Every structure is written in structure tokens, then in C-alpha cells.
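# A closer look at the structure
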Amino acid sequence: MSKAKSVVITVLLALAVAVAAFFAAISFPVANNVKRLNSIASNIHLGARFSGYAYTTVYPEGVITAEEYGILDDENKADGYEKVGSLYVDKDKHSDIEQLKADVAADALILNKRFGQKGYSSYSVAVEDGLSVKISVPTNFTAAAYKYNDESSRSTSLSAASAALSSITAYGELTLRTSDESIQLNDADGNTTTYDSTKKGKDKWVSKAKVTDSSNNTVNTYSLADGDDVAEYFRSVTSRSVGKNAVITFNFTKEGREKFKELTTRAVSSSSQNIYFFVGDRQLVSFSCTEAVDRSSLSLQASDSGTAQNAAIAMNSAVKGGALTLDYQDISKVSTSTATGGENAALLLFIASILVLAGLVALLVVKYKKLGAVVSLIAFAFALVIVYALCLLNIQVTFGVVLTSMLCLALFVISNAVVFAEVKRLTEGGRTIQASVKEAYKNVIMTVSDMHIVLVIVAILLATVAAGEVAACGLIAVIGVVASYVLYWFTRFMWYVISSPVKDKFKFAGLKRVVYEDD
Amino acid sequence: MTKFKVCSKIHLFIIISVLFIAIGMAIGTVCHFCANGFFNYGDEFSSYKCVTVTYYTSEYKDADAIKPVCEEALKGFNPYEVSYYSDNRMGGEIVYKYSTKTDSAKLQAAVDSLNTALDKNQSGLNVASLHEATVSEGGSRAITYASIALASAAAFQMIYFVFRYKLRAACSALLACVHNLGVFVALAAVTRIPVGAQFIAFGAAVVFLTMILSCVLFDRTRKNFANELYAKTERTEVVDTSACEVRMISFIAVCALAVAAVVFGVFAAVSQLWIGALAPYALALLGLIACFYGALFFTPAVHGAIDGVCEKLNKSTKSGGKAAKPAKDKN
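Residues numbered from 1 in each chain as written. Chains lettered and ligands numbered in written order. Predicted model: local features only at pLDDT ≥ 70, side-chain atom pairs only at ≥ 80, totals over all residues.

Across its full length, chain A holds 13 helices and 22 strands. Scaling as 2.2 N^0.38, a compact globule of 519 residues should have a C-alpha radius of gyration of about 24 Å, whereas chain A reaches 31 Å, well beyond that. With respect to the principal axes defined by its C-alpha atoms, chain A has extents near 105 × 65 × 50 Å. Per-residue burial for chain A yields a buried fraction of 48% across its 519 residues. Within chain A, counting contacts between residues at least 6 apart in sequence, those at least 24 apart form 70% of the total. (Helix = DSSP H or I, 4+ residues; strand = E, 2+ residues; numbered from the N terminus. Rg over C-alpha atoms; globule rule 2.2 N^0.38 Å. Buried ≥ 20, exposed ≤ 12 C-beta atoms within 10 Å, placed from the backbone. Contact = placed C-beta atoms within 7 Å.)

Written out as C-alpha cells, the structure is:
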């Protein structure tokens with residue numbers, strides 16, 4: 001390769017990296033300051049340490065805050081509220097405070113299990129003053145959203161967190177409901193019977209579990225299951241999502257399958273033809289039923305993976321005896337806290353990452369001279385691949401993810417260090433640089449390949465089997481290991497590009513052939 | 001450092017590791033029953049006391065306006081986390097979190113005086129309240145799945161190494177993973193550094209780094225075994241030589257990662273202006289210490305020992321076989 005070609009390729013590579021780095025790091029206003037083009041880095045979703053928690057506090061019915069107590073009139077105050085911590089308990093509703101505290105503690109444990117299934121990088125369920133439950137989940141904001149530079153992303157993240165908090169905290173048992181007060185059923189002999197929904201079992205949810213009918217009116221719903229405990233119909237409720245398709249799957253017990261067939265036959269004859277799946281007063285799924293269902297499982301399409309997962313978690317918990325003991329007040333607000341790592345934690349993390357990268361560049365240049373500079377450039381490209389992947393795959397950045405990315409970068413550098421050491425050994429053995437490089441890459445191919453094969457499969461295992469932060473680490477490790485291997489071979493190409501025009505075949509990039517006396 | 005032979009000191013390393021892991025487990029177990037758990041659970045795992053200040057913009061423009069009043073009243077108590085919520089219109093909330101050891105009576109007195117200061121206009125709008133929060137133990141599902149993933153990862157690594165490097169290297173690699181993870185857990189239990197949800201991710205990182213460094217060592221050993229130069233050298237010595245050859249790479253890699261963790265830690269502490277912010281980075285350093293000790297001393301020593309034992313067994317089997325030959329030969 002001629003010197004000109006070598007220079008052109010190197011310059012083109014440097015330019016490509018510079019352009020990618022510009023869009024990765026710099027946000028700027030466009031269209032006369034009307035819009036803002038946020039950088040790739042600022043569009044990466046962040047963990048609670050860097051973007052804070054979305055939190056809410058749920059209070060049992062009959063428990064009010066000091067603020068709410070303050071606005072009560074004197075008559076109501078005198079009517080019997082007991083102060084517990086900073087909360088007030090209506091003694092008519094809860095005569096035994098200790099029992100109430102025990103029930104709240106038990107419900108907090110159930111909620112903890114439910115939120116544990118959500119796969120958050122971090123979350124907490126805390127019982128405050130023994131009587132209320134405070135739930136905190138990561139906001140999942142991007143840096144731009146956190147700083148109010150991307151309102152749309154902020155609102156999407158907040159909606160997702162609010163929906164999770166609302167659905168997963170659903171209290172009460174699982175019920176299958178209809179908006180029809182009565183349903184006319186025709187049997188095989190042509191006889192007509194009437195299913196009176198309003199008289200089926202003791203259903204306390206009638207006035208609470210409401211739906212909007214086709215005329216946009218809010219109407220009551222009634223049990224469609226003949227007053228049965230429908231939790232016994234199901235073995236489990238799971239959710240699955242592939243790409244943008246999300247489904248909720250109900251797995252029936254043997255008896256449940258029969259009962260559900262009966263129930264769907266009833267629903268087909270109803271005027272709305274809908275079965276509403278409620279946990280307590282919260283409608284989680286609706287099923288438009290046009291024919292009787294006689295299958296071992298039922299899969300229903302959900303609008304998105306978050307909705308499917310939230311509904312499945314709440315319903316599965318109710319199915320498995322995890323219905324909350326107490327009735328709770330509706331969630332009035334979901335607040336967001338500042339980043340637990342400090343207001344500018346994300347910015348400082350970014351600066352620290354740049355510093356670490358700069359340190360690596362310095363180390364490589366000092367150790368491998370000209371070649372070190374080239375490897376540094378490729379290491380920089382590696383970092384950009386990670387940044388773009390984090391953004392495109394919506395991977396939430398936590399310190400664990402940053403550490404994993406650093407490990408992948410270390411893998412890339414170690415792979416190159418192994419081959420450089422081999423080149424050095426061969427050069428000192430008397431070969432030309434070109435021959436040493438060729439031989440060295442051949443010698444270490446299995447070392448490097450073994451390392452990457454083991455790690456990519458380990459990373460896939462972590463990404464698929466683990467949950468939460470570890471799964472995120474696994475996913476970024478898959479990308480990091482693949483990128484490391486591809487860029488390792490790109491470094492080989494760059495060896496060729498920069499060493500080809502060199503005239504002295506025995507001296508290059510700090511390496512020098514050792515000439516023995518008998519040469 | 002690169003000339004230091006480790007294989008002959010296998011007994012020493014085993015004693016150190018076993019002792020260390022045993023001490024860690026013992027301290028963790030004692031703390032599990034007598035203190036706040038096997039680890040010192042922090043972050044989202046720790047119970048806390050908090051003072052919540054609710055304010056309205058009609059009296060206080062924003063959080064910055066009310067902050068000095070709060071800080072004056074709560075002077076003398078050190079919150080480990082302060083978070084702000086504001087809807088940018090009506091008002092907001094400031095939450096000061098304190099450790100459970102904070103004296104409730106004194107804090108309540110401070111909150112009462114804060115309420116007096118906040119209610120200067122007697123509107124009753126701005127209120128501070130003290131809460132005691134007990135965090136439910138969580139993360140069990142994440143821990144279970146992560147453990148399954150790590151166990152399957154280690155099992156897969158062993159199977160792969162059986163094919164690529166022989167069973168003895170595979171056993172050494174598995175031991176290296178278990179050892180490094182054990183040392184990491186022991187270090188976390190002994191040092192009582194607050195452990196958060198990221199601890200599991202750090203465990204995965206320890207396994208990941210152990211695998212990288214094991215690959216480098218085993219590959220060098222395999223090459224040296226195949227090298228004619230070492231044909232007549234004791235296998236344990238070959239492992240020692242290989243360990244010396246790759247030691248610098250392992251050393252630099254672990255040190256570079258440690259420097260990175262320190263840099264991140266310093267920036268985190270600056271961001272939060274709180275020494276406690278260093279906890280996750282200190283945990284990461286503990287993981288790196290475990291990998292450092294494992295990669296430089298324990299793994300090569302164990303690999304040398306296992307290889308030596310297997311070789312001796314091989315030889316004795318072979319020599320046993322030769323001795324048995326005449327007996328088989330009935331002619």
C-alpha cells in the first residue's frame with residue numbers, strides 16, 4: 001500500500017470517528033432555536049442514580065395524611081382519628097391499629113414481590129410510619145428528559161412509571177366482569193335462561209369497578225363468573241413481548257378451562273361481548289369474545305410490553321394468592337425525585353468516562369507509540385459503538401452497565417495487548433515487522449477467539465436468563481464482545497495500512513528487530 | 001514481580017483464600033443474626049427516617065427559597081440523600097433521608113421547630129413531617145435469576161474449556177470463578193460497605209473478568225506445553241513460567257479498571273458531595289481486588305497444582321499399566 005493510500009484511509013477513519021463523536025456528544029439548537037437536536041449520549045436512558053426515582057405513597061382506606069387532616073372540620077376531627085406517626089387513622093374503619101400495621105406490612109411484602117418481577121435496575125417498597133407504603137421505581141429518564149430538554153421523552157417515561165405504579169399496586173381479588181346486568185342464554189334445545197349478573201355472589205366491586213361503554217358512559221360491571229373465585233381458574237398469568245408485539249397469556253387449570261368455556265359462552269350472548277379482567281377496581285385487560293373459548297391457555301394482545309407486563313404481574317399475583325389484604329386509596333400523584341447520585345450525576349459520569357478513555361489513550365500511546373495511537377482511535381470507535389448501542393437499544397445506564405462496558409473495552413485492549421506481545425516476541429526473534437504481524441495474528445487467533453466465544457455466550461446467558469440490571473449488563477456485554485472482536489480485526493487491517501508504507505521493515509512503532517551476531 | 005513463582009506456594013494461597021472466605025462468611029452470618037444482615041444493605045435496601053417538606057409556591061417561590069429555612073432547622077442532622085419534587089406550578093416537596101440511627105425525638109423536635117418557621121403566615125400550607133420507613137427485603141427474584149445465569153455461565157465456561165483446554169484447565173477455571181466470587185462476597189461482608197442492587201451486577205462483572213484473565217493464562221500455558229523448549233521441564237514450572245509471562249497483562253488490565261473505578265468514584269462523590277456516594281465504586285474495587293488476587297496468585301497456583309496432580313496420576317496409571325502387562329501376557 002502506498003503512503004498516500006495509507007494516509008487517506010487513516011484520515012477518513014479519523015474523520016468518521018470525529019463525526020460520530022460529534023453527534024454522540026454535542027446537543028445543539030436547530031431551526032432557529034425552535035427545536036433542539038439532543039446528542040446520542042443525552043438520549044440514553046438512565047438509572048435512578050443518574051435520573052432519580054418516580055415514587056408514590058399508597059394509603060389504606062381510612063388513613064389520611066397530616067395535610068388532609070388539617071383541612072378536616074373540627075367535627076370530623078373530633079369524630080375519632082388517632083394520630084400514628086405523622087398519619088391519622090379513622091378509628092371507625094380501623095379499631096385495631098396493630099392489626100392494620102400488620103396488614104400493611106404483609107401487603108408491602110406482596111408489593112415488593114410484584115415489583116421484583118418488573119425487572120427494574122433498582123426499586124424500593126418502604127412502609128412509612130407503619131401505615132402507608134411508599135414505592136419508588138427508576139424514572140428511566142434520558143439525560144435530556146431529566147433536564148427538561150426533551151419533554152416528549154420525559155412524559156413517555158413518566159407515563160410508563162405511573163402506569164406500572166398504578167397497575168401493579170392494584171388491590172383486591174381477580175374478577176372477570178361484564179357490563180351487562182342480565183344475559184339471555186339459549187341452550188341446545190332452544191330453551192332460554194337468564195343470567196342475572198347483579199345477583200351473582202357478594203360482589204363489592206360493582207360500584208367501584210367501572211368501564212366506559214360504547215356510548216362513552218361510565219357504567220358498573222358485574223361478575224360474569226357466577227360468583228366464583230376466578231383465581232382458581234388459572235394456573236398462571238404471564239406476559240411476553242417480541243419486538244413491538246406484546247401478549248398476555250392465561251394458563252388455565254383443568255377445571256378452569258371448563259369454567260372459562262362456560263363463561264365465554266355467556267359473554268358471547270351478552271350485548272357488549274366483552275369480558276373485563278379486573279384486579280379489585282382496576283381494569284387490566286378487556287377481551288372481546290365472539291366465540292366460546294375451549295383451550296388450555298388464552299393469549300391476548302396488549303398495546304405495549306409495559307402494559308402487558310404490568311397487567312400480568314398484578315393478575316398472576318392475585319391468582320397465586322397474592323391479593324392485597326387491605327383496600328387502598330387511589331394513587332393521587334406520582335412524584336419524581338432528583339437523581340440520587342446528585343443533580344449533575346449523569347454529566348459527571350460522562351466526563352469521568354471521557355477522562356478514563358483519555359487515560360487509556362495515554363497508556364496505549366506511551367506503551368505502543370504510533371500503533372498505540374491507532375489502537376486508541378479504534379478504542380474510541382469502540383466507545384462510540386457502546387454509546388450508540390445504549391441509545392438505540394434503550395438500555396438503562398447504571399454503574400453496573402458502565403463497569404461492564406469498561407470490561408468490554410478492557411477485553412478489546414487485552415486482545416490487542418496479547419497480539420502486540422506476540423509481535424514483539426517474534427520481532428525480537430529476528431523477523432521483519434510484516435512477517436511478525438502476520439505470524440502473531442495467526443498464533444493468537446485461537447486465544448482471542450476462545451476469549452470472545454466464551455464471553456459472548458456468557459453474556460447471552462446473562463442477558464436472557466437474568467433480570468434487571470444484570471440482564472442489561474448482559475445485553476451490553478453481548479454488543480461489547482462482538483464489537484471488540486470486529487474491531488480487533490479492524491486493528492489488524494490498520495496494522496497493514498500504517499505499516500505498509502514504512503521503508504524500514506525491521507523498525508516500527510517502538511518495535512525493533514534484534515540482530516544476532518550469527519545473522 | 002513477573003518472576004515470582006506461585007505454583008510452589010499453592011498451600012499458602014489455599015490457606016489465605018479459605019481463611020479469608022471463612023472469616024467473611026462468619027462475619028456475614030454473625031451480622032445476619034446480630035446486625036442489619038449478611039451484608040450492610042444500603043441504598044434501596046436500607047430502612048430510613050425521612051423528613052418530608054411540602055411547600056406551595058404562593059409562599060415559597062421554589063425549592064431554593066425554602067431550602068435555607070429547612071437547612072437551618074435541620075442543622076446538626078446529616079441527611080444521606082436529599083431529593084426534590086416540583087410540579088413547576090403549585091409547589092413541591094423536599095425529602096431529607098436519614099439513617100435509622102438518627103435520634104427520632106431530636107429529629108421530631110427539629111421538625112416541630114421547622115413547622116413553626118414554615119408557617120410564618122399561619123396558612124398551614126407548608127408542612128414538614130417526620131416518617132420512619134422500613135424497607136421490605138427485595139430483589140430476591142433478581143438474585144435468583146442472576147445466580148442461575150452466573151451458574152450456567154460458569155458451567156458453560158467449564159464445558160467449553162474441557163473441549164478447548166482439557167478438563168484440568170476447565171476445573172481450574174471453574175475454581176477461579178468460584179474463588180473470586182467467594183473472595184468478593186467475603187470482602188463485601190467484612191468491610192461492611194453498603195450493598196445496593198448493583199452488587200449482583202458487580203458479581204457478574206467479577207465472573208466476566210475472571211474468564212477473560214483465565215483465558216489469557218490457560219492459552220499461554222497450552223502454548224508453552226506444546227513448545228519444544230519446555231519439553232523436558234516440569235509441568236508445574238511451565239505453568240509458573242506462563243503465569244509470569246501473562247502477569248503484566250493481568251496486572252495492567254486490573255489496575256486500569258481500578259483506576260477507572262476510582263475516577264468514577266471521585267466524580268460521584270463530587271456530584272453528591274457525600275462520602276457515602278463512594279460505596280458502589282468501593283464495591284467495584286473490592287471485586288477488582290478479588291480478581292487481582294485470583295488472576296495473579298490463586299488461579300495459576302491452582303492450575304499448576306491440578307495439572308501436577310493429574311500428570312502424576314497419569315504417570316502412575318501408565319507405569320501401573322506397564323507393570324500389569326506381563327500379567328496379561330499369558331504366553
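That shown, we press on.
The subject of this paragraph is the overall build of chain B. Tallying secondary structure elements over chain B gives eight helices and four strands in all. Along its sequence from the N terminus, chain B presents helices and strands in the succession α-β-α-β-β-α-β-α-α-α-α-α. Rg of the C-alpha trace for chain B: 29 Å, well past the compact-globule value of 20 Å for 331 residues, more than 25% over. By principal-axis analysis of the C-alpha atoms, chain B measures approximately 115 × 35 × 30 Å. Counting over 331 residues, chain B shows a buried share of 50%.

We now examine the sheet that holds strand S5 (residues 81-84) of chain A. Hydrogen bonds between backbone atoms are what pair the strands of a sheet, whose relative direction is either parallel or antiparallel. Residues and elements named next belong to chain A. The strand order across the open sheet built from three strands is S4-S6-S5, with neighbouring strands paired in antiparallel fashion. Because the sheet does not close on itself, it has two edges, and the strands there are strand S4 (63-65) and S5. Each strand axis lies, on average, 30 degrees off the axis of its neighbour in the sheet, ignoring direction. As judged from the three bridges shared by S4 and strand S6 (residues 87-90), these two strands associate in the antiparallel manner. Residue pairing for S6: Val63 is matched across the bridge by Val89. (Pairing = 2+ DSSP bridges. Axes fitted to C-alpha atoms, helices over the stretch in contact; angles between N-to-C directions.)

Before going further, it helps to examine the environment of A:Leu392. Residue and element names in this part refer to chain A. In this structure, Leu392 sits in helix H10 (residues 345-392). What makes Leu392 exposed here is the crowd of 12 C-beta atoms within 10 Å. Taking the C-alpha atoms as reference, Leu392 lies 8.8 Å from Ile40; in sequence the two are 352 residues apart.

If you look at the interface, chain A gives 69 residues, while chain B gives 65 residues. Elements supplying a minimum of two residues to the side of chain A that touches chain B: helix H3 (66-70), helix H5 (97-116), strand S7 (124-128), strand S20 (335-336), H10, helix H11 (399-428), helix H12 (433-465) and helix H13 (468-499) of chain A. Here the element with the most residues in the side of chain A that touches chain B is H11(A); it accounts for twelve residues. Pairing analysis gives three bridges linking S7(A) to strand S4 (residues 127-135) of chain B, with the strands arranged antiparallel.

If you walk across this open sheet you meet the eight strands as S20(A)-S3(A)-S8(A)-S7(A)-S4(B)-S1(B)-S3(B)-S2(B), and the pairing is antiparallel. Two strands close off the open sheet at either side, each with one partner strand: S20 of chain A together with strand S2 (81-86) of chain B. Where strand S3 (residues 53-58) of chain A lies against S20(A), two bridges are found, and the strand directions are antiparallel. If you follow A:Tyr55 over to S20(A), its bridge partner there is A:Ser335. Packed on one face of the sheet, helix H3 (residues 104-118) of chain B meets strand S1 (48-56), strand S3 (91-98) and S4 of chain B and runs near 150 degrees to S4(B).

Residue and element names in this part refer to chain A. If you trace the backbone, Thr10 turns up in helix H1 (residues 3-25). Residue classification places Thr10 among the partly exposed positions, given that 16 C-beta atoms sit within 10 Å. In this structure the C-alpha to C-alpha distance between Thr10 and Asn316, which are 306 residues apart in sequence, comes to 57 Å. Discounting residues that sit within four places of it in the chain, Thr10 has contacts with Val497 and Ile498.

Further remarks concern the pairing of strand S16 (residues 245-252) of chain A. All names here are of chain A. Here S16 shows a clear split, with Ala246, Ile248, Phe250 and Phe252 buried on one side and none of Asn245, Val247, Thr249 and Asn251 buried on the other. Sheet topology places strand S15 (residues 234-242) next to S16; eight bridges connect them, and they run antiparallel. For Thr238, the partnering residue across the bridge sits in S16 and is Thr249. Linking S15 back to S16 in an antiparallel pair, the connection comprises two residues, with Gly243 at a positive phi of about 60 degrees.

What follows concerns the environment of A:Ala18. Residues and elements named next belong to chain A. Inspection of the secondary structure assignment puts Ala18 in helix H1. The exposure class assigned to Ala18 is exposed, which follows from the 11 C-beta atoms found within 10 Å. Remark: the alpha-carbon pair of Ala18 and Val58, spanning 40 residues in sequence, is separated by 50 Å.

Residues and elements named next belong to chain A. The phi dihedral of Asp129 falls on the positive side, at around 55 degrees, and the residue is not glycine. Looking at the element boundaries, Asp129 is found in the loop between S7 and strand S8 (132-138). Accessibility expressed as a C-beta count within 10 Å gives 21 for Asp129, which makes it buried. In this structure, Asn140 is a non-glycine residue whose phi angle is positive, near 65 degrees. Counting through the fold element by element, Asn140 comes out in the loop between S8 and helix H6 (143-146).

The biggest cluster of nonpolar side chains holds 169 residues, and the ones touching the most others in it are A:Leu462, A:Val470, B:Ala188, B:Ala204, B:Phe208 and B:Ile212. The greatest single-element share of this core, amounting to 23 residues, is contributed by H10(A). Within the second largest apolar cluster, 95 residues are counted, among which are A:Val285, A:Leu324, B:Val51 and B:Val111. (Core = buried A, V, L, I, M, F, W, Y, C linked by C-beta atoms within 7 Å.)

Another point: the confidence of the model for chain B. All names here are of chain B. When the pLDDT values of chain B are averaged, the result is 84; 92% of them are 70 or greater. Of all the helices and strands in chain B, S2 carries the lowest mean pLDDT, 77, while helix H5 (residues 167-191) carries the highest, 92. Counting contacts from residues 323-331, a segment whose pLDDT is below 50, to residues more than four positions away or on other chains yields zero contacts. Complex prediction metrics read pTM 0.85 and ipTM 0.82. (pLDDT = per-residue confidence, 0-100.)

Let us now look at H10(A). Residues and elements named next belong to chain A. Taking 1.5 Å per residue as the helical rise, H10 with its 48 residues ought to reach 70 Å, whereas the 22 Å between its terminal C-alpha atoms falls clearly short. At Tyr368, H10 shows its maximal kink, close to 145 degrees. Note on H10: the residue one or two positions beyond its end, Asn394, has a positive phi of about 55 degrees. (Expected span 1.5 Å × (residues − 1). Bend = angle between axes of the 7 residues up to and from the residue.)

Right, let's get into helix H2 (residues 63-73) of chain B. Residue and element names in this part refer to chain B. Those residues of H2 not exposed but buried are Ile66, Cys70 and Ala73. Looking straight down H2, one finds that the buried residues subtend no more than 55 degrees of arc, so they occupy a single side. For H2, the exposed residues lying more than 90 degrees away from the buried face are Asp64, Pro68 and Glu72. Elements in contact with the buried residues of H2: S1, S3 and H3. (Arc of directions from axis to C-beta.)

Take the packing of H5(B) against helix H6 (residues 198-226) of chain B next. Each pair of packed helices can be summarised by the angle the axes make with each other and by the distance between the axes. Residues and elements named next belong to chain B. The N-to-C vectors of H5 and H6 enclose an angle of 145 degrees; their axes lie 9 Å apart at closest approach. In terms of crossing hand, the pair formed by H5 and H6 is right-handed. Between H5 and H6, the residues in contact are Ala169, Ala173, Ala176, Cys177, Asn180, Leu181, Phe184 and Ala188 and Phe199, Gly203, Val206, Val207, Thr210, Ser214 and Phe218, respectively. Residue composition of the contact of H5 with H6, grouped by class: eleven nonpolar, four polar and no charged. (Left-handed = near helix turned anticlockwise from the far one by under 90°. Nonpolar A, V, L, I, M, F, W, Y, C, P; charged D, E, K, R; others polar.)

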